[in-house]
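Listed here are the chains, written in short residue letters.
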Amino acid sequence: MRLFVGLGNPGAKYARNRHNIGFMAVDEIARRHGFAPWRRRFQGETSEGALGTERVILLKPTTYMNESGRAVQEAASFFKIAPGDVTAFHDELELPPGKVRVKIGGGIAGHNGLRSISAHIGNDYRRVRLGIGHPGVKELVHGHVLSDFAKADNDWVATLCDAVAEHAALIARGTDATFANRVHLAMQAKGFLTKDENGKE
């Protein structure tokens, strides 16, 4: 069994914030793959279903971002899910908008949701880093992540969440590089990621 955690803040006020792209991604996974209706438990909301041959629990902590780890620990303990079978979907300032990277372990890059999860279950979980871009200077970061996506962002955000959901079974299987590549190709096909003269994004 796998635990997929979307990171965000609960409530309508935050629903379209850049910080909530993790919630958006798992919502789309649940919708696309016909998961069970969301229900409140483990200090969050959960939905259960299957991705390929893997049983998956989706979790959206309702503790607010800074305490996400409490909900993750409670759900992981209940289902006896090891950190290596936990995947956190979260916003990533250090990646351009629409870019995706997957890594296991490593630093938290100042992300309070990751900090909380690491404090509760250790560091050996998978992170799906969903690029939202950086505002340019450190002083603007807080306002950037807690502001809504601009209307001009709607198309790439929808395409990204759709691609993440479409290929989510690859993450459940642990084929991270293939997942990241498929999402990248889907974004590129819609014109959201281009290559420079060296062939790099």
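Residues numbered from 1 in each chain as written. Predicted model: local features only at pLDDT ≥ 70, side-chain atom pairs only at ≥ 80, totals over all residues. Heavy atoms only, no water.

Caption draft 1: Focus on the nonpolar core. One finds Phe-4 and Ile-29 to be the most contacted residues of the largest nonpolar core, which totals 36 residues. Taken together, the elements giving at least two residues each to this core come down to helix 1 (21-32), strand 4 (54-61), strand 7 (126-131), helix 4 (141-145), helix 5 (154-166), helix 6 (168-173) and helix 7 (176-189). Per-element tally for this core: the top contributor is helix 5, with seven residues. In this view, Phe-4 contacts Ile-29, Leu-51, Val-56, Ile-57, Leu-58, Leu-59, Thr-87, Phe-89, Ala-168, Ile-171 and Ala-172; residues no more than four positions away in its chain are not counted. If you look at the next biggest cluster of nonpolar residues, it comprises 19 residues, including Ala-75, Ala-76, Ile-81 and Ala-88. (Core = buried A, V, L, I, M, F, W, Y, C linked by side-chain atoms within 4.5 Å. Buried < 20%, exposed > 50% of the residue type's maximum accessible area, 1.4 Å probe, protein only. Helix = DSSP H or I, 4+ residues; strand = E, 2+ residues; numbered from the N terminus. Contact = heavy atoms within 4.5 Å.)

Caption draft 2: Quick look at the UniProt feature "active site" (unreviewed entry) in the chain. UniProt's entry tags His-19 with the feature "active site" (unreviewed entry), counted in the numbering of this structure. Within the element layout of this structure, His-19 appears in the loop between strand 1 (2-6) and helix 1. Discounting residues that sit within four places of it in the chain, His-19 has contacts with Leu-7, Gly-8, Asn-9, Met-65, Asp-91, His-111, Val-145 and Leu-146. (UniProt positions renumbered as here; feature names shortened; annotations may be inferred.)

Caption draft 3: Layout of the packing of aromatic side chains. A complete count under the given rule lists six aromatic pairs for this structure. Geometrically, the ring pair formed by Phe-42 and Phe-78 is tilted, given 5.2 Å between the ring centres and 50 degrees between the ring planes. Of this pair, Phe-42 sits in the loop between strand 2 (39-41) and strand 3 (44-51) while Phe-78 sits in helix 2 (residues 68-79), and the two are 36 residues apart along the sequence. Taking relative accessible area as the criterion, Phe-42 reaches 8% and is therefore assigned buried. Clustering of aromatic rings is evident, with ring pairs tying together Phe-42, Phe-78 and Phe-79. Over the aromatic face of Trp-38 sits the side chain of Lys-60, whose NZ or CZ is 4.3 Å from the ring centroid. Directly above the ring of Tyr-125 sits Arg-127, whose terminal nitrogen or CZ lies 4.2 Å from the centroid. (Phe/Tyr/Trp six-rings, centres within 6.5 Å; stacked < 30°, edge-to-face > 60°. Lys NZ or Arg CZ within 6 Å of the ring centre and 35° of its normal.)

Caption draft 4: Molecular detail of the layout of surface pockets. Size it by volume and the largest pocket reaches roughly 460 Å³. Residue lining of the largest pocket: 23 residues in total, with His-19, Gly-110, His-111, Asn-112 and Val-145 positioned closest to the centre. Looking at the lining of the largest pocket, the elements with two or more residues in it are strand 5 (86-92), helix 3 (112-121) and helix 4. For the lining of the largest pocket, a count of residues per class yields eight nonpolar, ten polar and five charged. Of the voids in this model, the second largest pocket is the one considered here, and its volume is about 220 Å³. Lining the second largest pocket are 15 residues, and of these Ala-15, Phe-23, Met-24, Asp-27 and Lys-60 sit closest to its centre. Elements with a contribution of two residues or more to the lining of the second largest pocket: helix 1 and helix 5. For the lining of the second largest pocket, a count of residues per class yields seven nonpolar, four polar and four charged. (1 Å grid on protein atoms, 1.4 Å probe; cavity = no way out; pocket = protein on both sides within 12 Å on 5 of 7 lines; lining within 4 Å. Points joined across faces, edges and corners; volume = space filled by probe spheres on them. Nonpolar A, V, L, I, M, F, W, Y, C, P; charged D, E, K, R; others polar.)

Caption draft 5: Spotlight on the UniProt feature "site: Discriminates between blocked and unblocked aminoacyl-tRNA" (unreviewed entry) in the chain. As annotated by UniProt and renumbered to match this structure, "site: Discriminates between blocked and unblocked aminoacyl-tRNA" (unreviewed entry) occupies Asn-9. On the secondary structure map, Asn-9 appears in the loop between strand 1 and helix 1. Excluding anything up to four places from it in sequence, Asn-9 contacts Tyr-14, His-19, Asn-20, Phe-23, Tyr-64, Met-65 and Leu-146.

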